[in-house]
Amino acid sequence: MTHCPTEDILLDYVAGSLNGTQLAEFERHAKECSRCDALVASQAAVWRSLDEWKPEPVSAGFNRELWRRIDAEAAAPSWRARLHFWKQVAPLAAVLALVVTGFVMDRHSHPQVTAPAAVAVSATEADQLERTLDDLQLLEAVDTATPAKPAADLM
Amino acid sequence: MAEWVQSDMEAVAAPDLDAQLMLRVREGDDESFRVLLEKHRNPLVHFLQRMVQDAGASEELAQEVFLRIYRARGSYEPSAKFTTWMFRIASHLAINWLRDERHERAAERLDAGRTADKGSGDLPVRELKDSRPLVEQDMVHESRMQEIRDSIAALPAKQRAAVLMHKYEEMGYSQIAQALECSESAVKSLLFRAYETLRARLAHLAAGVTP
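What you see is a predicted model; the values in this text were computed from it and never measured.

Asker: Help me understand the overall build of chain A, please; the structure alone is not making it clear to me.
Answerer: A count of helical and extended segments in chain A gives seven helices and zero strands. Mapped from its N terminus to its C terminus, chain A presents α and β elements in the order α-α-α-α-α-α-α. Within the span of chain A, comprising 155 residues, buried residues form 8% of the whole.

Asker: Where do I start with the overall build of chain B in this structure?
Answerer: Across its full length, chain B carries ten helices and zero strands. Going through the 211 residues of chain B one by one, you find that 33% of them count as buried. Here the contacts in chain B between residues at least 6 apart in sequence split such that 69% fall between residues at least 24 apart.

Asker: Any chance you could explain the interface of chain B and chain A here in plain terms?
Answerer: Interfaces are often sized by the accessible area lost when the parts come together. Listed as interface residues are 27 residues of chain B and, on the opposing side, 23 residues of chain A. Elements that contribute at least two residues to the side of chain B that touches chain A include exactly α3 (30-52), α4 (55-71), α6 (133-153), α7 (157-167), α9 (184-202) and α10 (204-207) of chain B. For the side of chain B that touches chain A, the per-class residue count stands at 16 nonpolar, five polar and six charged.

Asker: Looking at this structure, how should I read the packing of α7 of chain B against α9 of chain B?
Answerer: For any two helices packed against each other, the geometry is given by the interaxial angle and the distance between the axes. Residues and elements named next belong to chain B. Contact pair α7 / α9: the axes reach a minimum separation of 9 Å and the direction vectors enclose 90°. In terms of orientation, α7 lies roughly perpendicular with respect to α9. Judged by residue contacts, Lys158, Gln159, Ala162, Val163 and His166 of α7 engage Val187, Leu190, Leu191, Arg193 and Ala194 from α9. Residue composition of the contact of α7 with α9, by class: six nonpolar, two polar and two charged.

Asker: Could you clarify how one ought to interpret helix α2 (residues 17-26) of chain B in this entry?
Answerer: The periodicity of an α-helix, 3.6 residues per turn, causes residues three or four positions apart to be oriented the same way. Residue and element names in this part refer to chain B. Buried residues of α2: Ala19, Leu21, Met22 and Val25, and no others. Axial view of α2: buried residues confined to an arc of 160°, hence all on one face. Of the residues trailing α2, glycine 28 is marked for its positive phi of about 100°.

Asker: What's the story with the nonpolar core in this structure? I'm lost.
Answerer: Here is a general trend for soluble globular proteins: nonpolar side chains tend to be buried in one another's company. All names here are of chain B. In this structure, Leu48, Ala162 and Ile176 are the most contacted members of the largest nonpolar core, which totals 56 residues. Here this core gets eight residues from one element, more than from any other, and that element is α3. Setting aside residues no more than four positions away along its own chain, isoleucine 176 makes contact with Ala162, Met165, His166, Met171 and Val187.

Asker: Help me understand the environment of leucine 180 of chain B, please; the structure alone is not making it clear to me.
Answerer: Residues and elements named next belong to chain B. Here leucine 180 lies in helix α8 (residues 173-180). Through-space distance from the C-alpha of leucine 180 to that of alanine 161 is 8.2 Å; in sequence the pair is 19 residues apart. Sequence-distant contacts of leucine 180, defined by excluding residues within four places in its chain, comprise Ser91, Lys158, Ala161, Ala162 and Val187.

Asker: Is there a simple way to think about helix α3 (residues 34-52) of chain A in this case?
Answerer: Residue and element names in this part refer to chain A. Across its 19 residues, α3 extends 27 Å between first and last C-alpha, which sits within 8% of the 27 Å expected from 1.5 Å per residue. Among the residues of α3, those classed as buried are Leu39, Ser42, Gln43, Val46 and Ser49. Down the axis of α3, the buried set is contained in an arc of 120°. They therefore lie on one face. Facing away from the buried surface of α3 by more than 90 degrees, the exposed residues are Ser34, Asp51 and Glu52.

Asker: Could you clarify how one ought to interpret the packing of helix α4 (residues 62-75) of chain A against α4 of chain B in this entry?
Answerer: For the pair α4 of chain A and α4 of chain B, interaxial distance at closest approach is 10 Å and the crossing angle is 45°. Relative to α4 of chain B, the element α4 of chain A lies oblique. Like other packed secondary-structure pairs, α4 of chain A and α4 of chain B cross with a definite hand, here right-handed. Taken together, the residues of α4 of chain B that come into contact with α4 of chain A (itself represented by Phe62, Glu65, Leu66, Arg69 and Ile70 of chain A) are Glu59, Gln63, Phe66, Leu67 and Tyr70 of chain B.

Asker: Please clarify how unusual backbone geometry should be interpreted in this entry.
Answerer: Negative phi values dominate among residues other than glycine, just as trans dominates among peptide bonds. Residues and elements named next belong to chain B. Positive phi outside glycine occurs at glutamine 53, with the angle close to 55°. For glutamine 53, the location among the structural elements is in the loop between α3 and α4. Exposure remark for glutamine 53: the 16 C-beta atoms within 10 Å place this residue in the partly exposed category. The residue glutamate 170 is not glycine, and still its phi comes out positive at about 55°. Looking at where glutamate 170 falls in the secondary structure, it is placed in the loop between α7 and α8.

Asker: Hey, could you run me through the confidence of the model for chain A in this one?
Answerer: Reading predicted coordinates in detail is not appropriate for stretches of low pLDDT. Residue and element names in this part refer to chain A. Averaged over every residue, the pLDDT of chain A is 78; residues scoring 70 or more account for 76%. At the level of individual helices and strands, chain A shows its lowest average pLDDT in helix α7 (residues 151-154), which scores 41, and its highest in α4, which scores 92. Of the regions scoring below 50 in pLDDT, residues 146-155 engages in one contact with residues more than four places distant in sequence or in other chains.

The rules behind each value
Residues numbered from 1 in each chain as written. Chains lettered and ligands numbered in written order. Predicted model: local features only at pLDDT ≥ 70, side-chain atom pairs only at ≥ 80, totals over all residues. Helix = DSSP H or I, 4+ residues; strand = E, 2+ residues; numbered from the N terminus. Buried ≥ 20, exposed ≤ 12 C-beta atoms within 10 Å, placed from the backbone. Contact = placed C-beta atoms within 7 Å. Nonpolar A, V, L, I, M, F, W, Y, C, P; charged D, E, K, R; others polar. Axes fitted to C-alpha atoms, helices over the stretch in contact; angles between N-to-C directions. Parallel < 35°, antiparallel > 145°, perpendicular 65-115°, else oblique. Arc of directions from axis to C-beta. Core = buried A, V, L, I, M, F, W, Y, C linked by C-beta atoms within 7 Å. Expected span 1.5 Å × (residues − 1). Left-handed = near helix turned anticlockwise from the far one by under 90°. pLDDT = per-residue confidence, 0-100.

Here it is, written out as structure tokens:
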């Protein structure tokens, strides 16, 4: 490797994930390149520094406190439990509301489609018309059968 | 995205031991949760200690992580590695905590400024008991540690989380990407920038030079 490595190789070096061959090649190059040599030295300092940073021990009562919180939640179903219930129910309710709304709006926008009602109305009208015609025929028959009285009888 | 799907499918095909334990927790086996707690408590608390740099807060956050895992047991599906899921919750909580803490600190600084204006000459003074070399070494060591902590604290929250997961939890790009909910290339970029900043701030420690 005569040129400085690509950014990907540098990143993998910095992240410590170069394979053996790549690492050896990069380190060989770094010995001849002051820029990469400086990067190797400063990155080594970062890794050493981070290795020195030891965490503090975890409190002895950590588990006890966690189980106390878990038991407290189990004993008193909180708003979280109710929220969980509504979270599960809400999508179903929303879908149901959408279906009902769609059905109602559809009925309002197409009133002529209500076929059974329309049929019922026309049947009633036909019956009435037929009865009226029968009545008229009956009246006509009665009229022709009765002899006309003289005007004097009426006085 | 395709990488995420692939790794998720691998996780589904061969669920890790933690995922198997979590499936038992789902069935109501609290003993399996105890096993998970014992196994992951220390790495999780230590990650959070380094993230928020506040011992009390880090334990509270770790408890919140385990509590959320326990609460979610009923709907648990092993769609990713258990630790990835755990660190995703932890990073999310820690990043939120840091954001809120930054606001609180800003408010405290304002209050402190007002108090100082009123005049207070009774500030506690830390006294050194003696000046033996051992104490001096301790002070030098503590100063180095403070510098390392400050360097990490100076990183933006996501870069900080990426470095800590990469360095101390030995997580790969893909796992960090899933935990931080971003792409692998974004993780590479976060790590590169973070290590660049750390090199600039910590390089002098290699030669034992004080800045």
